[in-house]
Amino acid sequence: MKRHVPNMITCCNLICGCLSTGAAFHGNYQWAVALILAGAVFDFFDGMAARALGVSSPIGKELDSLADVVTFGVAPSAILFYLFHEVHCPELLMPFKDILPYTAFLMAAFSALRLANFNVDARQSMQFIGLPTPANALFWSSLVMGQHAFLVSLRFNVVFLFLFMLLFCFLLVAEIPMLALKFKTLAWKDNKEKYVFLAGCIPCFLLGASSFAAIILWYVAMSMVWGRISVR
């Protein structure tokens, strides 16, 4: 029975993603975001349970990726789909107003590609190449919850949303080494970039519901800057 426990936890992640998608299609951002966060919790514990019970399996790995595609790819895409309907559309783009929301699902496709690359890329055992899908989902969840009033105001429009979405689609599959917050030791010399990143996260929490969106932006910026420093 114990060999099924990790997969049961993974299925809970998958169910959270499905429920989040349904909530997003009804414009219920609160439940959609809460269910993505719940899925992230299950995603954290399924691997831990597999290691603790000694029952890791290739099937579990594939199931985990499938669940992540739904929770961290399709669900945030559904949130964007509904948001596209709310965001101001310039007069010039009115003929495309009913088509633009469907472009949100590009992010689901790029998330699936990101996860497939992760499964076959041996370089990612100790670091990430490209933005992890949970970080992408967390960014959009936090942004919509914290900045919804701005996103649907006349100061913002569908063009900005579309370009911003394309940027994050690119980040998902870009050949950019991202910080992996894994500590082998607590020594400063071995973890300088991690400590700098964590210190920079502190003021982000002053932004309330938008804090995690700011942290993800800081994470991307820090990864890109530190990667160039390391190369030099």
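Q: Where do I start with the packing of aromatic side chains in this structure?
A: For any pair of aromatic rings, the description consists of the separation of the ring centres together with the inter-plane angle of the planes. Scanning the model with the defined rule gives 17 aromatic pairs in all. Plain terms: the ring middles of Phe 25 and Phe 105 are 6.4 Å apart, the flat faces sit at 45° to each other, and that makes the pair tilted. Note that Phe 25 is positioned in helix H1 (residues 5–25) and Phe 105 in the loop between helix H3 (58–86) and helix H4 (106–120), a separation of 80 residues in sequence. Classification of Phe 25 as partly exposed rests on a relative accessible area of 39%. The interplanar angle of 75° and the centroid separation of 5.4 Å between the aromatic rings of Phe 164 and Phe 168 together place this pair among those described as edge-to-face.

Q: Would you mind showing me how to read the nonpolar core here?
A: Soluble globular proteins tend to bury their nonpolar side chains together. Ile 79, Leu 80, Leu 83, Leu 131, Trp 140 and Leu 161 are the most contacted members of the largest nonpolar core, which totals 49 residues. Broken down by secondary-structure element, the contributors of at least two residues to this core are H1, helix H2 (29–53), H3, helix H5 (133–151), helix H6 (158–173), helix H7 (192–204) and helix H8 (211–231). Tallying contributions element by element places H3 first for this core, with eight residues. Those residues in contact with Ile 79, other than ones at most four positions away along the chain, are Ala 24, Tyr 29, Ala 32, Val 33, Ile 36, Ser 141 and Val 144.

Q: Quick question: what am I supposed to make of a nonpolar patch on the surface here?
A: Together, Leu 106, Val 159, Phe 160, Leu 163 and Leu 166 make up an exposed nonpolar region whose accessible area comes to about 400 Å². Mapped onto the elements of the fold, Phe 160 is located in helix H6. On the basis of relative accessibility, which here comes to 42%, the residue Phe 160 falls in the partly exposed class.

Q: Help me out: how do you make sense of the packing of H3 against H6 in this one?
A: Each packed pair of helices is defined by two parameters, the angle between the axes and the distance between the axes. Interaxial distance between H3 and H6 falls to 10 Å at its minimum, and their mutual angle equals 160°. One way to sum up the angle between H3 and H6 is to call them roughly antiparallel. Our pair here, H3 against H6, has a crossing hand that is left-handed. Contact residues: H3 offers Leu 80, Leu 83 and Phe 84, while H6 offers Val 158, Leu 161, Phe 162 and Met 165. Broken down by class, the residue content of the contact of H3 with H6 amounts to seven nonpolar, no polar and no charged.

Q: I keep staring at the side chain of Asp 46 and nothing clicks. Help me out?
A: Its place among the elements puts Asp 46 in helix H2. Judged by relative accessible area, Asp 46 falls into the buried class, the value being 5%. Reaching out from Asp 46, the side chain makes a polar contact with the side chain of Thr 10 at a distance of 2.8 Å. What Asp 46 contacts, discounting residues up to four positions off in sequence, is Pro 6, Ile 9, Thr 10 and Asp 64.

Q: Looking at this structure, how should I read the state of the cysteines?
A: Each disulfide consists of a covalent bond between the sulfur atoms of two cysteine residues. Per the stated rule, a full pass over the model turns up zero disulfides. Not engaged in a disulfide, the cysteine Cys 12 finds its nearest cysteine sulfur in Cys 16; these two sulfurs lie 6.9 Å apart. Cysteine Cys 18 is unpaired, with the sulfur of Cys 16 as its nearest cysteine sulfur at 9.3 Å.

Thresholds applied
- Per chain, residue numbering runs from 1 following the sequence as it is written.
- pLDDT decides what is reported in this predicted model: residues at 70 or higher carry local features, side-chain atom pairs at 80 or more are listed and counted, and totals for whole chains, interfaces and linings draw on all residues regardless.
- Note that the side-chain values use all heavy atoms of the structure and ignore hydrogens as well as water.
- Two aromatic rings from Phe, Tyr or Trp, using only the six-membered ring of Trp, form a pair when their centres are within 6.5 Å; if the ring planes differ by under 30 degrees the pair is stacked, by over 60 it is edge-to-face, and anything between is tilted.
- Comment: elements are numbered from the N terminus, with helices defined as DSSP H or I runs of at least four residues and strands as E runs of at least two.
- With a 1.4 Å probe rolled over the protein chains alone, any residue whose accessible area is under 20% of its type maximum counts as buried; one over 50% counts as exposed, and the rest are partly exposed.
- What we call a nonpolar core is a set of buried Ala, Val, Leu, Ile, Met, Phe, Trp, Tyr and Cys residues that are connected through their side-chain atoms within 4.5 Å.
- Contacts were defined at the residue level, with two residues in contact if any of their heavy atoms lie within 4.5 Å.
- Patch building starts from residues that exceed 30% relative accessible area and form no salt bridge, then joins like charges within 9 Å and nonpolar side chains (Val, Leu, Ile, Met, Phe, Trp, Tyr) within 5 Å.
- Computed with the Shrake-Rupley method and a 1.4 Å probe, the accessible areas treat only the protein chains shown as cover for residues.
- Counted as salt bridges are all cases of a side-chain nitrogen of Lys or Arg within 4 Å of a carboxyl oxygen of Asp or Glu.
- In this description, a line fitted to the C-alpha atoms serves as the axis of each element, helices being fitted only across the stretch in contact, and the angle between N-to-C directions of two axes falls anywhere from 0 to 180 degrees.
- Oblique is the label for any angle not under 35 degrees, not over 145, and not in the 65 to 115 range, which are roughly parallel, roughly antiparallel and roughly perpendicular in turn.
- By the definition used in this description, the sense in which the near helix is turned from the far one sets the handedness, with an anticlockwise turn below a right angle giving left-handed and a clockwise turn giving right-handed.
- Residues were grouped as follows: Ala, Val, Leu, Ile, Met, Phe, Trp, Tyr, Cys and Pro as nonpolar; Asp, Glu, Lys and Arg as charged; and all remaining residues, including Gly, as polar.
- Here a polar contact means two N or O atoms within 3.5 Å. Within protein one must be a hydrogen donor candidate and the other an acceptor candidate, and residues neighboring in sequence count only if both atoms are side-chain atoms.
- Throughout, disulfides are identified as pairs of cysteine sulfur atoms within 2.5 Å of each other.

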